[in-house]
Amino acid sequence: MKSHARVVVIGGGAVGVGTLYHLAKKGWSDVVLIERKELTSGSTWHAAGLLPLFNMSYSVGQIHKYSVELYNSLQEETGLHSGLSTVSNIRLATNQDRMDEYMQYKGVAETIGVNVEVLTPDEIIAHWPLAEKEGLIGGIRHPDDGYIQPADLTQAMAKGARDRGAEIYRNTTVTAIERVNDEWKVTTDKGEITCEHIVSCTGNFARQTGRMVGLEIPVIPVEHQYIVTEPHPAIKERQAQGLPEMGVLRESDGSWYMREEAGGFILGPYEKGAPVCYFDGPDDDSEYELFQEDLERLMPHIESAIARVPAFGEVGVKKVYNGAIAYTPDGSPIIGPAWDLPNFWLNEGHSFGITATGGAGWQLAEWIVEGEPTIDMNGVDPRRFGSYATKSFLKEKNEEAYANVFTIHYPDEEREAARPLRTTPCYDRLKSMGAVFGQTFGWERANWFAPEGVPQEDHWSFRRSNWFEHVGNEVKNVAENVGVLDMSAFAKARIEGPGAEAFLEYLTANKLPKKKGRVTLAHALAPRGGVHSEFTIMRESDESFYLVSAGAAQRLDHDWIKKHMPTDRSVSFTDLTNSMGVLVLAGPKSRELLSRLTLTDLSNENFPWLSAQKIDVGLAPAIAARVNFVGELGWELHHPIEYQNHIFDALFKAGEDLGIKPFGIRAMNAMRLEKSYRLVGTEMSIEYSAYESGLHRFVSTKKNADFIGRAGLEAWEAKGADNAFVTLKVHDTDDADAIGGNPIYQGDVLVGRATSGGYGFRVGYSIALAMVKPELAGIGTIFEIDILGKKHKAEIVAESPFDPDNNHLRA
C-alpha cells in the first residue's frame, strides 16, 4: 500500500468505484480505493429502471440522464460491457392523479432531454402483451431506459479508473480515520495512508464509517425483498421467436415492478411494514447477509401483479431474496461534503445506487476537483438533515420512505412519520386556530389554516387543492388588514469580532449595511458565480452582525460560513436558531397594531424600510426588522424564544378589532410570486449566474473587498448568459398552475423552463417565474407553457406584478 494519495475512496461497491472512476477521469490519477472484500456491486441486487420517477427533479434528473449516457459509452472506452439492457421502462396509471404525476414528470424530463412517450392502454398492451389492460387509463414509457447488471458495471468502471492510474486495494479493512497535521490518516489492516480528501462510499457500513470521524450519518438500511420465478412458456416462446425483451413494467398503484429474468419474471414489491435493519451497521461477516423471507408482507403486491400479469401466477417461485438496502429519511442519497469536517465527502444512502452511481461520481468529482459541482445538488446534499435526525427518527422516516417509493408524490405532499418533532412555543395556539402543518428541517410550520368547520387536513394534488380557496382568503386578509406568520424555523446566527466585517464582505457579494440598525439582502456566491446562499444581514454594532437565512438550509448555510471563516480567531460564530423565534407581522394595519404594543416610534421617518431596532412588544424584548417576503407593510419580530407566546398573545389581543388572522407558508409563497421574489434552489442556484437570476442590484463589484465568486461571475458574464430570469402571466388556467420544471416553448422549440409558479390572488392571475433564453426575455414576449400536458399562453410581464414601486412596503 502506498503511503500517500490525493484522495482515498472507502468502499468498493459501484458507488465507490464510480467515484474513483470520475476522479481519475478528471485527471487526478493519484487516487486510491480501499475495499474490505472483493470489488462488489450490491451482491444480489439489480437495477430495474435507471430513471426513477419519485425524485425526478430538474437537478437529480440530470444525474440519472448522465448515468444512462455513461453506461452506454463504457464498452467503447474500456472494452467491457456495462451490463446495460435497454429494454425500455413502462409506468402504468390507473387514476387521474397518477397520470397528472406522469405528465408533470414528462414536462421536467423534456427540459432535461429525457425522452418520455405517453401511452394509451392499448399501446401499453402492445409493448407488454402478457399484461391485462383492465383498470388502466394510460401510462408513460422511457424507450431509452432499461435495467443493468451491477457486477458488469462495477468492473467496467474499475477498469476505466485503473487505466487512468487509480489504484484499488481489495480485502483491506479500514480500522481508523484521523485528522493529523491538516491531512487525513487512514489506518487499515494493511498499513496507513495519508491523503487530502476522503470519500465515504460504504453503503450499509455508513454509520460505522461516520463514527470514526464523529459524524452521525443519517443512513440506516431497510429490508427489501424481490421474487425470481421459474421460466414461463410464453416468455420462452417469445425468445424462440426472436422477439425483443419486454420493458421493465411498473404498476405504481400496486407498488411493484416486474421484468423478464432468464425466461421467467422478477417481481420487486415495495411493501408497507418493511423494517429497518443494521441500526449500527452490519457485522464484519454479514455484509451480504440475506434475511428470512416474509411472503405475507408481499401478498397484496403478489395478488396485484397476478391481476395485471396473469402469467406471473402460473409459474413457481425459484427464489425470494430479502436483503438490506441503504435508506435516508427522504429516500434520496447523500452526496457532497460532510458538515464541520474539511475535505471529508459522503456518497452514501443510495437506495437506488446503480441508477445514480455514474452521475453521483461525476458530480462529486467536479465538486472535489473544481470546488463546486456543475448541477445544483441541494436535493441530495448531506447537510439537508440536521442533528434532529436521531437513530429513532431514522427508523420511522426510513421505513416511511421505503413504503412510499411508489406512492404519488404530490408537490404539496407532507409525510407524517416522526412528527411533530421540533415545535415552537406557539405551535398549540396555531393548531387551535386551524393550522395544517408541514415541516422543514424537522420544524413544524403552518402551511395554511382551515376555517371553522373545515377539516384540518390536506388533500394533495397536482391541481388546485382543498386549501386553494382558504389560502386566497389568507392573502386577502394580509392585503387588507394584518396577518401573523410564524417563521421561527429561519436559520439564525451572529457573526462578531474585529474581523467580522471584512469576513462578511468576502463572504457575500453585496455591500454590508454601514450604519447600526440597517438591513441588507446579501448573497454568498459559489466560485463560478452562481448563488450558494442568501442572507438577510442586520448590523448590530461595529463588530457584530445578525444573519438570517432559510430554515431548510440551516446546516448548509452555517457550514458554508464556518468553513470560510478566518482561522486567526478574529471572527466568532454563534448559532441562534433554537434560541430566537420569529413572528412576521404584515399588512396595511400592522403599524397601527404594533404601535399599540410598543413605546417605539414606528413612523417612516424613525423606522424606515430595511432597518431594524430593538423594541418592546408588550413586556417582551424583540428585534423588529422592517422587511418581509410578502410585499406588504410589516415587521419581522425576532425575539428570545421564551417570550414568543407573550408576544403572540399580545398581537392577537391588540389586533382583534383590526382583523388580525394567522397566515401560512402557502399564502406567503403566493405573495412572493407576485413580487418576483427568488428562492435559493429554484430561481437562484449554482446553475445560474447571479446576473442570470436578475440579482444585479445585489452584486457590488465596486466595493473595495474581493468576494467569493467575483472572478467566476465576471468570467461567466464575459462568455455570455444562457438564461434570463422572467416573470410570466399564464393565461386560461382553471384548476392547475405551474409548479416548477414546466417546459416553455415558442412554437415547437423548447426555450426555457418554469422555476416555480402558482396563483397570484392579489393580481388575479396565474404566475410562473422562469428562466428563458436571454434574447427572448423582453416584456410582452409570448410563449406557451406546459401544465400537466396542456399548453397555455404565457406572457412576460414586468417584475413584481403586484406593487412594482414597493409603495406597500414603504408605506
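Structure's up top.
Predicted model, so just to flag it, every value in this text is computed and none were measured.

Caption draft 1: Up close: the overall build of the chain. When you go through the chain residue by residue, the secondary structure sums to 18 helices and 38 strands. In terms of overall size, the chain behaves like a compact globule, its C-alpha atoms giving a radius of gyration of 27 Å where 811 residues would be expected to give roughly 28 Å. Here the chain holds 811 residues, and the buried ones make up 63% of them. In the chain, of all internal contacts separated by at least 6 residues, the share reaching a separation of at least 24 is 72%. Working note: accessible area of the chain is about 29,800 Å², and carbon and sulfur atoms make up 49% of it. Put simply, the chain has 81 plus and 112 minus side-chain charges, and the middle of one group is 4 Å from the middle of the other.

Caption draft 2: Geometry of the pairing of strand β7 (residues 138-142). In terms of burial, β7 is a largely internal element, 5 of the 5 residues being buried. Side-chain alternation along β7 places Gly138, Ile140 and His142 on one buried face and Gly139 and Arg141 on a second face that is also buried. Summarising the sheet, strand β5 (residues 89-93) and β7 pair through 5 bridges and their orientation is antiparallel. Bridged to Ala93 within β7 is Gly138.

Caption draft 3: Broad picture of the nonpolar core. One finds Val8 and Phe344 to be the most contacted residues of the largest nonpolar core, which totals 53 residues. Beyond its immediate sequence surroundings of up to four residues, Phe344 is in contact with Ile177, Trp184, Ile198, Ser200, Val213, Leu215, Gly336, Pro337 and Ala338. Core analysis: the second largest hydrophobic core is formed by 43 residues, Ala24, Leu39, Leu364 and Met377 among them.

Caption draft 4: View of the sheet that holds strand β27 (residues 572-575). Pairing within the open sheet is antiparallel, and its 5 strands lie in the order β24-β25-β26-β23-β27. Each of the sheet's edge strands pairs with one partner strand only, and the pair in question is β24 (519-525) and β27. Each adjacent strand pair in this sheet contributes to an overall mean axis angle of 30°, direction not counted. In this sheet, strand β25 (residues 531-541) lies alongside β24 in antiparallel orientation, the contact comprising 7 bridges. Following the sheet pairing, Leu525 is matched in β25 by Val531.

Caption draft 5: Representation of unusual backbone geometry within the structure. Between Arg419 and Pro420 the backbone carries a cis peptide bond, its omega angle lying at -10°. Within the fold, Pro420 resides in the loop between α10 (391-403) and α11 (427-432). You will see that Ser676, though not glycine, has its phi angle at about 60°, which is positive. Here Ser676 lies in the loop between α17 (665-674) and α18 (710-719). Even without a glycine there, the phi angle at Asp732 is positive, about 60°. By the secondary structure assignment, Asp732 is in the loop between β33 (724-730) and β34 (743-746).

Caption draft 6: Summary view of the side chain of Ser570. Tracing the backbone shows Ser570 in the loop between α14 (554-564) and β27. Only 2.7 Å separates the side chain of Ser570 from the side chain of Asp568, close enough to count as a polar contact. Those residues in contact with Ser570, other than ones at most four positions away along the chain, are Glu496, Gly497, Pro498, Gly499 and Ala500.

Caption draft 7: The arrangement of the packing of helix α1 (residues 14-25) against helix α5 (residues 150-163) in detail. Running from N to C, α1 and α5 cross one another at 30°; their axes reach a closest spacing of 8 Å. Relative to α5, the element α1 lies roughly parallel. Considering how the two elements wind past one another, α1 and α5 form a crossing that is left-handed. Seen from α1, the contacting residues are Ala14, Val17, Gly18, Leu20, Tyr21 and Ala24; seen from α5, they are Thr154, Met157, Ala158, Gly160 and Ala161. Classifying every residue of the contact of α1 with α5 gives 8 nonpolar, 3 polar and no charged.

Caption draft 8: Just the pattern of salt bridges, in detail. Inspection of every chain in the model, using the stated rule, returns 53 salt bridges. For the salt bridge of Glu38 with Arg170, the shortest nitrogen-to-oxygen distance reads 3.1 Å. In this pair, Glu38 sits in the loop between β2 (31-34) and β3 (47-48) while Arg170 sits in the loop between β9 (167-169) and β10 (174-180), placing the two residues 132 residues apart along the sequence. The partly exposed category is assigned to Glu38, whose relative accessible area is 38%. Asp163 is the partner of Lys159 in a salt bridge, and the nearest nitrogen-oxygen pair spans 3.0 Å. Here Asp163 and Lys159 lie together in helix α5, a separation of 4 residues that amounts to about one turn. On the accessibility criterion, Lys159 (31% relative accessible area) is partly exposed.

What counts, and at which threshold
Residues numbered from 1 in each chain as written. Predicted model: local features only at pLDDT ≥ 70, side-chain atom pairs only at ≥ 80, totals over all residues. Heavy atoms only, no water. Helix = DSSP H or I, 4+ residues; strand = E, 2+ residues; numbered from the N terminus. Rg over C-alpha atoms; globule rule 2.2 N^0.38 Å. Buried < 20%, exposed > 50% of the residue type's maximum accessible area, 1.4 Å probe, protein only. Contact = heavy atoms within 4.5 Å. Areas by Shrake-Rupley, 256 points an atom, 1.4 Å probe, with all protein chains shown as cover. Lys, Arg positive; Asp, Glu negative; His and termini not counted. Charge placed at Lys NZ, Arg CZ, Asp CG, Glu CD. Pairing = 2+ DSSP bridges. Core = buried A, V, L, I, M, F, W, Y, C linked by side-chain atoms within 4.5 Å. Axes fitted to C-alpha atoms, helices over the stretch in contact; angles between N-to-C directions. Polar contact = N/O pair within 3.5 Å; in protein donor to acceptor, adjacent residues only side chain to side chain. Parallel < 35°, antiparallel > 145°, perpendicular 65-115°, else oblique. Left-handed = near helix turned anticlockwise from the far one by under 90°. Nonpolar A, V, L, I, M, F, W, Y, C, P; charged D, E, K, R; others polar. Salt bridge = Lys/Arg side-chain N within 4 Å of Asp/Glu carboxyl O.

Just geometry here; none of it tells us what the structure is for.
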